[in-house]
Every structure is written in C-alpha cells, then in structure tokens.
Amino acid sequence: MSTLNVPPALTTPGADAIQLYRAFKGFGCDTSVVVNILAHRDATQRMLIQQEYRTMYSTDLLKRLSSELSGKLETAVLLWMHDPPGRDAIIVKQALRPETFNLEAATEIICSRTPSQIQIFKQHYHAKFGVYLEHDIDSRVSGDLKRLLHTYVSVPRHEGREVDHELAQNDAKTLYKAGEKKLGTDDKTFIRIFSERSAAQLAAINSAYHSLYGKSLKKAVKGETSGHFKHALLAILQCSENPAMYFAKVLRKAMKGLGTDDTTLIRVIVTRTEIDMQYIKAEYHKKYKKTLNDAVHSEISGHYRAFLLSLLGPNQ
C-alpha cells in the first residue's frame, strides 16, 4: 500500500517539466519546488516528466538534478526518479562495488523481494550493467552468504498463499537436525530450504518449528548462524511473515543511538513508499510508540527532511 500523495490530474508531465526547468534557472536552485513536484509523482508520472524534459530541453533531467542538488537530498531524489526494479538494480550494483561495498544493502534488497520482483530486477540489472546479477554475487560475495544469495536469485519460488503442512513439519525437523541438534551447523540445509520454499511455506515451517521444539526458528537461526549469513536468513524469514515489521525494525536501527544511518533511511523509505509504506508506518507506531514521521523528523533536517516526509505521507 503506497503512501504517495499524488495530486489530482491537474498537472501534466509537460507542465511539471517546465516548472522544474524554471526552478533550476538563474542563480541557485529553487529546491522546494523540486521537492514539491517530484515527491508527489508516482513511477509512471516520473518517467513521463523525464521524457518531456528531454524532448523540451534536449537534456537529461537526472543529470540536471545531479548538478543542482547535493548531499543526501541528491541521493534520495535521484534514487526516487527510477522505477522500482531499475532502482533495486542500481542499489544492489552500488552495494557490490568495491568502493561502495555494502553487503547489508545488497542482502536486504535481494532477501526482501518477491520471486517476480527478483526476476524483473535481474533483467534490469543485466540490461543496465551488461552483467548478470549472479556473476556479481559470485565475484563479490563469499562463503555461505554467496551460496544463499546466488541460490535465492536463481531458484524460482511459488508466490501463492497455499501451504503443505506435512512438508512444513518435515522441513522443521530437517532444520532442527541441521542446526540445534548437532554440533556445528549444516548451512547447506538452511540455504536449500530458505531459498526453495515460498514465503507462505516458510511461515508454516516457522510455526511447525515452534510447536515441535517450543522456540521460534528465528531464535534457532540467531543461535546457529552469524554475520551477514545470519542477517540474510533472518531477512528471508521475517519477510515471509511480515515484511512491514521487518522494515520497521530496519528503520528503527538506522535511527537509533547517535547519528543516523542515512543510506539505510533513504533506501528503505524510497524503495517501500510505493509498495507497503502504510503498513510499515503502522508497525513502527505499534512497536515503538512513536510515529515514523516523528522519528524521521527528529533525525534529519532541511529539504532532505521535507522530501522524505513527503514520501511518508500524512503523520498518523
């Protein structure tokens, strides 16, 4: 569920392009105009504005935005201008580059997306960068995390809600044997089950595990695995049950303590605004007794704050 507050169809992409051009003209940039327009346009509208801008002014809107804006606002706006699969591809590519290496970001994008979202963003990845996502995972990531991410992006998973309860029981027992029951962990088993089962099926395995062994599969994963591999398994597991709660926790962590993890804040807000931000806001408020808008408001400032708050929509 999107939080995007799109205006009634009174503006046209052409009119928006003219407004943006005027905002860039002269000395300095009228940033509030840029924020007010772009933060209230959906993916299709943003694409049409870019097309109109190029037709009218023979120049690329993204390049112009990049030269007019700076800092975190520039990062957020440029990321927002892409459509969701293209944006996921860009985030993962950046996260796998040596100079901007961020395994957490790559893991979060891959492990929280549905199988069909993964298929589409893999196509975008290849079209944009001329290389297969699997190839970049293999050359940049190592160990169990590499095996998990590679399998996760290449195995087609079912997306329906139906569940095989007998299979869930068997998988729960298999995971118990592979983890808590033995010394050391059989990571291959965890990788196989977590990357082959649908989200609904994983949620069923989790509840079967709980009823068989009196503790959650999440606890078992935390106790049996570590580092980025653990982070990836937990992301898959939590997103199989409640993606909104998973992202509420990611946002909370980005704002907790001293300083703000702006990279994460921007990534989550920009990528989830048109998917499930209403639900994330509800989970955030329920869990932390504070609205997400208020939390963001107290962490950041200026046009950057105005932009992210516009994406979040009304403060509930």
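Please read these numbers as outputs of a predicted model, since none were measured by experiment.

Residues Leu65, Phe194, Val296, Phe307 and Leu308 are the most contacted members of the largest nonpolar core, which totals 97 residues. With eight residues, the single largest contributor to this core is helix α15 (residues 227–241). If we skip the residues at most four places from it in the chain, Leu65 touches Phe24, Val34, Leu38, Val77, Leu78 and Met81.

This paragraph deals with the domain arrangement of the protein chain. Along its sequence, the protein chain is organised into domain 1 (13–69), domain 2 (102–241) and domain 3 (244–312). A C-alpha centroid distance of 40 Å is found between domain 1 and domain 2.

Our next topic: the environment of Asp30. Position of Asp30 relative to the elements: it lies in the loop between α1 (13–24) and α2 (31–38). Residue classification places Asp30 among the partly exposed positions, given a relative accessible area of 38%.

Time to look at the packing of aromatic side chains. One pass over the full model with this rule turns up 11 aromatic pairs. Here Tyr125 and Phe129 contribute two aromatic rings whose centre-to-centre distance is 5.2 Å and whose plane-to-plane angle is 70°, an arrangement assigned as edge-to-face. Placement of both Tyr125 and Phe129 in helix α8 (residues 115–129) is noted, with a separation of four residues, approximately one turn of the helix. Overall, Tyr125 belongs to the buried group, its relative accessible area being 0%. Residue class for Phe129 comes out partly exposed when judged on its relative accessible area of 26%. One residue, Arg46, lies across the ring of Trp80, its end atom 3.7 Å from the ring centre. A cation over an aromatic ring shows up here: Arg157 above the ring of Tyr152, its NZ or CZ 3.7 Å from the ring centre.

Okay, the pattern of salt bridges next. On inspection of all chains with the given rule, the structure shows 17 salt bridges. For Arg46, the salt bridge identified is with Glu274, shortest N-O distance 2.8 Å. Of the two residues, Arg46 sits in helix α3 (residues 43–57) while Glu274 sits in the loop between α17 (262–272) and α18 (277–288), which places them 228 residues apart along the sequence. Classification of Arg46 by relative accessible area gives buried; the value is 0%. Residue Lys286 is joined to Glu283 by a salt bridge in which the shortest nitrogen-to-oxygen separation is 3.6 Å. One end of the pair is Lys286 and the other is Glu283, both in helix α18 and three residues apart, which spans about a single turn. One network of salt bridges, with partners in common, ties together Arg46, Arg87 and Glu274.

About the criteria used
- Residues numbered from 1 in each chain as written.
- Predicted model: local features only at pLDDT ≥ 70, side-chain atom pairs only at ≥ 80, totals over all residues.
- Heavy atoms only, no water.
- Core = buried A, V, L, I, M, F, W, Y, C linked by side-chain atoms within 4.5 Å.
- Buried < 20%, exposed > 50% of the residue type's maximum accessible area, 1.4 Å probe, protein only.
- Helix = DSSP H or I, 4+ residues; strand = E, 2+ residues; numbered from the N terminus.
- Contact = heavy atoms within 4.5 Å.
- Domains from an automatic or database assignment.
- Phe/Tyr/Trp six-rings, centres within 6.5 Å; stacked < 30°, edge-to-face > 60°.
- Lys NZ or Arg CZ within 6 Å of the ring centre and 35° of its normal.
- Salt bridge = Lys/Arg side-chain N within 4 Å of Asp/Glu carboxyl O.

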